[in-house]
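One letter stands for each residue in the lines below.
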Amino acid sequence: MPYLGQITITGPEPELGRRQHFVDALAAAMTEGWRSLRKVLDHRIIGYPGGAVITVVLDGDGLDFEEAAAALASLGRHLTTWSPELLAYRLQQVEVAKLDHRWDEEHWLPPLDHDRADDRPAWPLPVLMGDPLQELAAQYLVAGAVRSVWEPGKRVNYPSFTARDVALGAAEYPWHREITTALGAMLIQAARREAEDNDYAPLIVAEGASREFADDLVQRARQTADDATDGFADDQMRGQLLLQSFVEAHELGWTPAADDDNHDRREAHRSELLRQLLDAGFGALATMCAGLQDVRSPWELAVELTDDPVVAVITDLESDRIDEDIDSDTCEVWAAATSHAAVWAAIHRPDLLDIAVGAELLDDLTGSIDTLHQVVHSALVMLGDAVIAAALEDPTLPPILLTPIRNFIAAQRAIRDEDYEGDAIDDMHCALETALGHDDPGPERLREVLCLITIAAPLTGTDANPELGQQGYISSPSQLSSALLRHADEHAALDLSPESHGDGGARLATIAVLAALAPEAAGAMAAQLPILDQADPRSEPAARDQALRWIHNAIEQTNALETEASPDPDSSDARLVLTSARDHRPIPSDWPARRFVAAAAEASAAVLQPMTLEDAAGAIEVFTGS
């Protein structure tokens with residue numbers, strides 16, 4: 001295997017007219033004057049003011065590393081003594097390494113312009129950011145990795161990434177250096193913070209990581225944070241010493257990998273050792289920062305572990321953005337929840353829209369007509385043009401809806417007409433806007449449109465439905481409401497921030513709105529939650545745990561408000577569940593999950609009574625909180 005050498009010589013800067021002579025003299029020394037037994041397979045000379053760099057490929061047949069280094073040093077001395085013109089120069093540096101393979105079939109060294117010829121960058125993009133930005137990025141990545149350790153399987157960062165993503169990606173240059181440097185310093189800072197708070201959490205281990213490694217690193221970090229660390233006061237240096245001692249203790253160093261002649265195996269081994277180190281580090285950091293699990297972004301965690309003013313500024317900006325997004329999401333989710341609740345009530349309990357809270361709901365929906373429009377549109381599309389047409393024959397349907405709904409049906413049918421030249425989807429929305437009185441919506445008009453859904457929903461189970469019983473089509477009111485809830489945010493056209501919980505938040509908020517209308521309605525809707533239909537064996541226990549939290553949250557909220565005792569739920573299931581929770585007795589474990597979830601939702605809603613629509617907004621936390 002040949003050796004790649006780089007020889008640097010320095011000296012006076014040649015006069016402008018003598019620069020080429022200087023390079024020519026070096027070339028002559030290489031090709032004519034070198035009489036070593038070691039053959040030079042390829043070389044390159046790059047001159048610069050005050051010196052030159054000579055890159056050499058030396059035949060390595062029968063030559064060990066030390067002999068190659070000595071040969072290259074001898075070549076360097078030769079280059080500075082070959083001709084009088086070169087005597088003014090001295091050997092500055094010699095570097096040597098094994099050369100795994102040649103550049104191509106004809107050359108050992110790449111051409112000088114190979115990067116440009118192959119249209120490849122000279123450096124990875126992260127290198128171009130410079131050290132300060134790399135350091136900031138590394139702190140962000142480490143903090144994000146820790147957040148994912150706290151909540152495995154959940155999307156806790158945006159863009160979404162996990163501790164495993166960071167551990168695997170850190171093998172790429174320059175992240176192996178930046179990530180480990182940031183991790184070391186943050187471990188020291190976390191251990192110091194933990195000691196100041198005197199709050200020591202149980203060990204948290206990253207998924208797939210060694211518990212032994214994580215525990216040992218926690219203990220070493222706590223000890224290093226307390227000690228003087230050989231006089232080093234800088235947390236970054238102390239962190240490096242911490243990780244260095246940990247690596248040596250567990251034989252995670254890269255030195256053994258250098259003995260493997262196979263480049264791919266060498267790199268794979270190094271990456272695996274780095275992954276083990278980072279997995280242990282992320283678990284250790286998650287353990288010592290366990291009291292900070294309520295942070296909302298990687299920056300909010302990173303700022304707790306550094307005095308860097310730049311991190312503080314970024315965190316303030318990010319926190320302000322999150323606050324604004326949460327406020328916006330709250331309004332969006334409320335609009336979706338009230339819209340879904342109104343349509344659900346129109347399908348199953350239209351009488352609830354005529355009570356006092358129902359009137360409040362309709363009045364509130366006039367302020368979120370765009371969202372209601374989307375949910376109603378989805379419902380009408382699912383019902384199908386034939387069912388809607390049949391509903392128009394009902395004499396109780398308000399006459400004012402006949403023309404716009406007929407236009408809606410015509411546009412719906414035009415979608416299947418290949419010769420239709422207009423925009424059928426746009427025509428459907430325009431017809432629905434007219435039906436809802438979009439420009440100046442009133443509660444009465446919204447109630448009339450919901451009346452259409454009330455009339456049409458039962459017709460899905462009759463001969464009026466040409467797709468009756470066919471897979472993928474609606475054949476009952478229950479299927480209609482379940483389909484709307486399955487993708488609640490999509491049907492409400494929600495545009496939520498990355499921190500939002502999407503469908504889950506909108507669905508659970510709908511339970512809170514229905515709770516204000518009637519506890520039994522909240523229970524019936526909860527029985528349609530998609531989690532109850534999932535094949536994943538973890539879904540049922542998760543649904544039971546979630547339902548149990550509803551009851552405890554509702555009891556805690558009413559106890560905190562010191563309200564009068566609410567009436568008992570109507571159903572015996574809900575009464576039994578509520579009594580068991582209040583008396584701290586076991587909840588029935590032999591009930592099917594759907595039965596228990598429905599009873600728990602009704603019981604929780606009953607505890608919150610009496611409720612106005614405004615109370616429902618405050619009760620959302622009962623169903624969405626942990």
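Residues numbered from 1 in each chain as written. Predicted model: local features only at pLDDT ≥ 70, side-chain atom pairs only at ≥ 80, totals over all residues. Heavy atoms only, no water.

Novice: How should I be thinking about the nonpolar core in this particular structure?
Specialist: In a soluble, globular protein the nonpolar side chains are often hidden away together inside. If you look at the biggest cluster of nonpolar residues, it comprises 103 residues, and the most contacted ones within it are Val-343, Leu-380, Ile-453, Ile-511 and Trp-550. Counting residues per element, this core draws most heavily on helix α12 (residues 309–348), which supplies eleven residues. Once you skip the residues sitting within four places of it in the chain, Ile-511 turns out to touch Ala-522, Met-525, Ala-526, Leu-529, Trp-550, Ala-601 and Phe-623. Core analysis: the next-biggest nonpolar cluster, separate from the first, contains 54 residues, Leu-183, Ala-280, Phe-282 and Trp-299 among them. (Core = buried A, V, L, I, M, F, W, Y, C linked by side-chain atoms within 4.5 Å. Buried < 20%, exposed > 50% of the residue type's maximum accessible area, 1.4 Å probe, protein only. Helix = DSSP H or I, 4+ residues; strand = E, 2+ residues; numbered from the N terminus. Contact = heavy atoms within 4.5 Å.)

Novice: Would you take a moment to explain the packing of helix α16 (residues 402–414) against helix α17 (residues 424–436) for this structure?
Specialist: Angle between the axes and distance between the axes are the two parameters that describe a pair of packed helices. Running from N to C, α16 and α17 cross one another at 165 degrees; their axes reach a closest spacing of 8 Å. By the angle class used here, α16 and α17 are roughly antiparallel. As for the relative orientation of α16 and α17, their crossing is left-handed in sense. Residue-level contacts link Pro-404, Ile-405, Asn-407, Phe-408, Ala-411, Gln-412 and Ala-414 of α16 to Ala-424, Asp-427, Met-428, Ala-431, Leu-432, Thr-434 and Ala-435 of α17. A per-class count over the contact of α16 with α17 returns ten nonpolar, three polar and one charged. (Axes fitted to C-alpha atoms, helices over the stretch in contact; angles between N-to-C directions. Parallel < 35°, antiparallel > 145°, perpendicular 65-115°, else oblique. Left-handed = near helix turned anticlockwise from the far one by under 90°. Nonpolar A, V, L, I, M, F, W, Y, C, P; charged D, E, K, R; others polar.)

Novice: What is the right way to look at the side chain of Thr-338 in this model?
Specialist: Its location among the elements puts Thr-338 in helix α12. One polar contact links the side chain of Thr-338 to the main-chain carbonyl oxygen of Trp-334, over a distance of 2.9 Å. Side-chain polar atoms of Thr-338 contact the backbone oxygen of Ala-335, separated by 3.0 Å. Beyond its immediate chain neighbours, meaning those up to four positions away, Thr-338 contacts Leu-361, Asp-364, Leu-365, Ser-368 and Val-513. (Polar contact = N/O pair within 3.5 Å; in protein donor to acceptor, adjacent residues only side chain to side chain.)

Novice: Honestly, α16 in this entry has me stumped. Any pointers?
Specialist: One full turn of an α-helix is made of 3.6 residues, so residues set three or four places apart face in the same direction. In this model α16 runs 18 Å from its N-terminal to its C-terminal C-alpha over 13 residues, within 8% of the 18 Å that 1.5 Å per residue would give. Among the residues of α16, those classed as buried are Pro-404, Ile-405, Phe-408, Ile-409, Ala-411, Gln-412 and Ala-414. (Expected span 1.5 Å × (residues − 1).)

Novice: Explain the packing of α12 against helix α18 (residues 443–459) here, please?
Specialist: Close contact between α12 and α18 brings their axes to 7 Å; oriented N to C, the two are set at 45 degrees. One element, α12, and the other, α18, form an angle in the oblique class. The two elements α12 and α18 cross, and the hand of that crossing is right-handed. Where α12 approaches α18, its residues Ala-342, Val-343, Ala-346 and Ile-347 are matched on the opposing element by Leu-450, Ile-453, Thr-454 and Ala-457. In terms of residue class, the contact of α12 with α18 is made up of seven nonpolar, one polar and no charged.

Novice: Got a minute to help me understand the side chain of Ser-475 in this structure?
Specialist: Its place among the elements puts Ser-475 in the loop between α18 and α19 (477–486). According to the relative accessible area criterion, Ser-475 is buried, its value standing at 14%. A polar side-chain atom of Ser-475 sits 2.8 Å from the main-chain amide nitrogen of Gly-469. Apart from the residues lying within four places of it in its own chain, the contact partners of Ser-475 are Thr-460, Gly-461, Asn-465, Glu-467, Leu-468, Gly-469 and Gln-470.

Novice: Honestly, the sheet that holds strand β2 (residues 40–48) in this entry has me stumped. Any pointers?
Specialist: Backbone hydrogen bonds are what pair the strands of a sheet, in a parallel or an antiparallel way. Read across the open sheet, the four strands follow the order β2-β3-β1-β4; overall the sheet is antiparallel. Only two strands of the sheet have a single partner each, and these edge strands are β2 and β4 (90–98). Direction aside, the axes of adjacent strands within the sheet are offset by 15 degrees on average. Two strands pair when backbone bridges link them, and strand β1 (residues 3–10) and β4 are joined in this way by eight bridges, in the antiparallel orientation. Each residue of the ladder has a partner; that of Tyr-3, found in β4, is Lys-98. (Pairing = 2+ DSSP bridges.)

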